[in-house]
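The chain contents come next:
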Amino acid sequence: MIRIFIPLALLAACTTVNPVEQIARSTAKSVVLPVVQQRLPGPQAEAVAVCVIDNANTDEIMTLAKDVGNRAGSRTVQTIATILQRPNTVQCVLGAGLPGLAL
């Protein structure tokens, strides 16, 4: 019986984020940012948008990404507002030194 040992470092290298997921997250962020910018200035809006994307689930990322190139409608704003209300998102926003944000 032959045993093959793969160093842990090589296994870790195989667990990088899926490129399709990276593109979807980036696209979703481009949808979230203008919505947040309506209420916060530049760097603060960027930090909140990152918190929203980091706390969105896969379905929400895909839903937001579908709205690229369109003016954010009520569904998009509601999705962002729902994500902003989650405890982890609130902690992320507060951890970035920003006040809470309501849409």
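Scoring rules and cut-offs
Starting afresh in each chain, residues are numbered from 1 along the sequence in its written order. Local features in this predicted model are restricted to residues of pLDDT 70 or higher, and side-chain atom pairs are both shown and tallied only at a pLDDT of 80 or more, whereas totals for entire chains, interfaces and linings draw on every residue. Side-chain metrics in this entry use all non-hydrogen atoms of the structure; hydrogen atoms and water are not considered. The helix and strand labels rest on DSSP assignments: H or I over at least four residues marks a helix, E over at least two residues marks a strand, and numbering proceeds from the N terminus. Any residue under 20% of the maximum accessible area for its type is buried, any over 50% is exposed, and the rest in between are partly exposed; the area is computed with a 1.4 Å probe on protein chains only. Should any heavy atoms of two residues lie within 4.5 Å, those residues are counted as being in contact. Reported accessibility uses the Shrake-Rupley method at a 1.4 Å probe radius. Residues are deemed covered only where the shown protein chains occlude them. Nonpolar cores are built from buried Ala, Val, Leu, Ile, Met, Phe, Trp, Tyr and Cys residues. Side-chain atoms within 4.5 Å join them into one set. Two N or O atoms form a polar contact when they lie within 3.5 Å of each other; inside protein one atom must be a possible hydrogen donor and the other a possible acceptor, and for residues adjacent in sequence the pair counts only when both atoms belong to side chains.

We now examine the overall build of the chain. Looking only at helices and strands, the chain has six helices and zero strands in total. When each of the 103 residues of the chain is scored for burial, the buried share is 30%. Considering only contacts in the chain between residues 6 or more positions apart, those separated by 24 or more positions represent 62%. Within the structure as shown, the chain displays about 6800 Å² of accessible surface, and the carbon and sulfur contribution to it stands at 59%.

Counting residues in each nonpolar core, the largest one holds 22 residues, and the members touching the most others are Val32, Val48, Val52 and Ile80. Of all the elements in the fold, those that place two or more residues in this core are helix H2 (19-37), helix H3 (42-55), helix H4 (58-65) and helix H5 (74-84).

This paragraph deals with H5. Looking only at H5, the buried set comprises Thr76, Thr79, Ile80, Ala81, Ile83 and Leu84. Looking at the buried residues of H5, the elements they touch are H2, H3, H4 and helix H6 (87-95).

On to the environment of Ile83. Note that Ile83 resides in helix H5. Residue Ile83 is classed as buried on the basis of its relative accessible area of 0%. A C-alpha to C-alpha distance of 9.0 Å links Ile83 and Cys51, two positions 32 residues apart in sequence. Once residues within four sequence positions are removed from consideration, Ile83 is found in contact with Val52, Asn55, Ala56, Glu60, Leu64 and Thr89.

By the secondary structure assignment, Asp67 is in the loop between H4 and H5. Polar side-chain contacts of Asp67 include one of 3.1 Å to the side chain of Arg75. Setting aside residues up to four positions removed in sequence, Asp67 forms contacts with Val31, Arg75 and Thr76.

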